[in-house]
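Here is what each chain is made of, one letter per residue.
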Amino acid sequence: MNEQFHNLPMEKQQRILNASMEVFAMNDYRHASTDDIAAKAGISKGLLFYYFHNKKSLYLYTYEYCRQITLEQILDSRFDELTDYFEILEYAAKKKWKIISENPYFLDFAVRSFYSSREEISDELQKNTEDILDHMPQYFKKVNMEKFRDGTDIGRITRMLLWMTDGYMNDKRRQGLPILVEEIQKDFHEWVTMFRKLVYKEEYQQ
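What you see is a predicted model; the values in this text were computed from it and never measured.

1. Notes on the nonpolar core
Generally speaking, soluble globular proteins have nonpolar side chains that are buried together.
Part 1: Ile16, Phe24, Leu48, Tyr85, Phe86 and Phe109 are the most contacted members of the largest nonpolar core, which totals 58 residues.
Part 2: Ranked by residues supplied to this core, first place goes to helix H7 (residues 85-102) with ten residues.
Part 3: Ignoring any residue separated from it by four or fewer positions in sequence, one finds Phe109 in contact with Met21, Phe24, Ala25, Tyr59, Thr62, Tyr63 and Cys66.

2. Examining the packing of aromatic side chains
Centre distance and the angle of the planes are the two values used to describe a pair of aromatic rings.
Part 1: Applying the stated criterion across every chain, the model contains 17 aromatic pairs.
Part 2: Ring geometry for Phe24 versus Tyr59: centroids 4.6 Å apart, planes at 75 degrees, classification edge-to-face. Placement of the pair is Phe24 in helix H2 (residues 10-26) and Tyr59 in helix H5 (residues 55-74), with a sequence separation of 35 residues.
Part 3: Every member of this aromatic cluster is reached through a ring pair, and the members are Phe5, Tyr50, Tyr51, Phe52 and Tyr61.
Part 4: The positively charged end of Lys55 is found above the aromatic ring belonging to Tyr29, 4.7 Å away from the centroid.

3. Some details on H5
Part 1: In this model, H5 (20 residues) spans 29 Å end to end at C-alpha, consistent with the 28 Å of a helix rising 1.5 Å per residue.
Part 2: Listed as buried for H5 are Lys55, Leu58, Tyr59, Thr62, Tyr63, Tyr65, Cys66, Ile69, Thr70 and Ile74. On an axial view of H5, the arc spanned by its buried residues comes to 155 degrees, and they lie on one face.
Part 3: The distance from a side-chain oxygen at the start of H5 to the backbone nitrogen of Lys56 is 3.2 Å, and the residue carrying that oxygen is Asn54.

4. A word on the pattern of salt bridges
Part 1: By the definition in use, this model includes ten salt bridges.
Part 2: The closest approach of N and O atoms between Lys40 and Glu22, which form a salt bridge, is 3.1 Å. Here Glu22 lies in helix H2 and Lys40 lies in helix H3 (residues 34-41), a separation of 18 residues in the sequence.
Part 3: We classify Lys40 as partly exposed; its relative accessible area is 44%.
Part 4: A salt bridge links Lys95 to Asp76; its shortest N-O distance comes to 3.0 Å. On the criterion of sequence distance, the pair formed by Lys95 in helix H7 and Asp76 in the loop between H5 and helix H6 (77-81) is long-range, its members being 19 residues apart.
Part 5: Taking the relative accessible area as the measure of exposure, Lys95 reaches 19% and is therefore buried.
Part 6: Owing to a relative accessible area of 22%, Asp76 belongs among the partly exposed residues under this scheme.
Part 7: Within the structure, one salt-bridge network assembled from shared partners comprises Asp84, Lys147 and Arg196.

Quick notes on the rules
Residues numbered from 1 in each chain as written. Predicted model: local features only at pLDDT ≥ 70, side-chain atom pairs only at ≥ 80, totals over all residues. Heavy atoms only, no water. Core = buried A, V, L, I, M, F, W, Y, C linked by side-chain atoms within 4.5 Å. Buried < 20%, exposed > 50% of the residue type's maximum accessible area, 1.4 Å probe, protein only. Helix = DSSP H or I, 4+ residues; strand = E, 2+ residues; numbered from the N terminus. Contact = heavy atoms within 4.5 Å. Phe/Tyr/Trp six-rings, centres within 6.5 Å; stacked < 30°, edge-to-face > 60°. Lys NZ or Arg CZ within 6 Å of the ring centre and 35° of its normal. Expected span 1.5 Å × (residues − 1). Arc of directions from axis to C-beta. Polar contact = N/O pair within 3.5 Å; in protein donor to acceptor, adjacent residues only side chain to side chain. Salt bridge = Lys/Arg side-chain N within 4 Å of Asp/Glu carboxyl O.

As far as function goes, none of this settles anything; it's purely spatial.
Spelled out as C-alpha cells, the structure:
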C-alpha cells in the first residue's frame, strides 16, 4: 500500500487517479507522459513520483483502483440475493455501464490496458487478468444449477461472454470507432438471451 498517497485528502487522490486514467487511456504506455499526468492533477512531477516511485507503479495502481471500484459497485446486497445465472450477468453488466458513464476515461483505460501487448507492463496485467478469470466462479456460488441443461459448463459460458464483450470493444478500438454504452448494453442483452436458450432447460428459457 502506498502510505504517502493514502494519507492525502480523498479529493486530491481522486484528482491524481482521474488524471492518470485519462493520460493512460489516451496514449499507449510508452508515450503516456507523467508530465501530463502531473499537470492535469495540479501537482509537480516530483510530488507525483513521491507518491509513486515510477510510471509503472502509478499505472498498476490505477489499474487496481479501477478493478476494485468495479467489484465494490457490483458485489452489493442485491447481487448477493440473485440466484439466476443470467440475471447475475446482466446485473453486473448494468453496474459496469453505470461506472463507465460516470467516469469518461474508465472504459478507454480498461480496454487499452486489457489489450496492451509488447508493453513494459504487459506481464503484470496478464497475471491480473488470469487471476480474475480463475476466481470468477466464486461470483456464481449461489446460482440455481437446476435451470441448466445437463453437462453445461458455467465457466466456459462465462468466458465466452467475456471474450465476446472484449472482442467487441477491441474491434471498435481497432477501427477508431467510439464505444457507446447503450449500444454494447443492447448487444450484451442479446448475447445473454441467446445463451439462455442454448443452456437452460426449456421451462427456464423465458
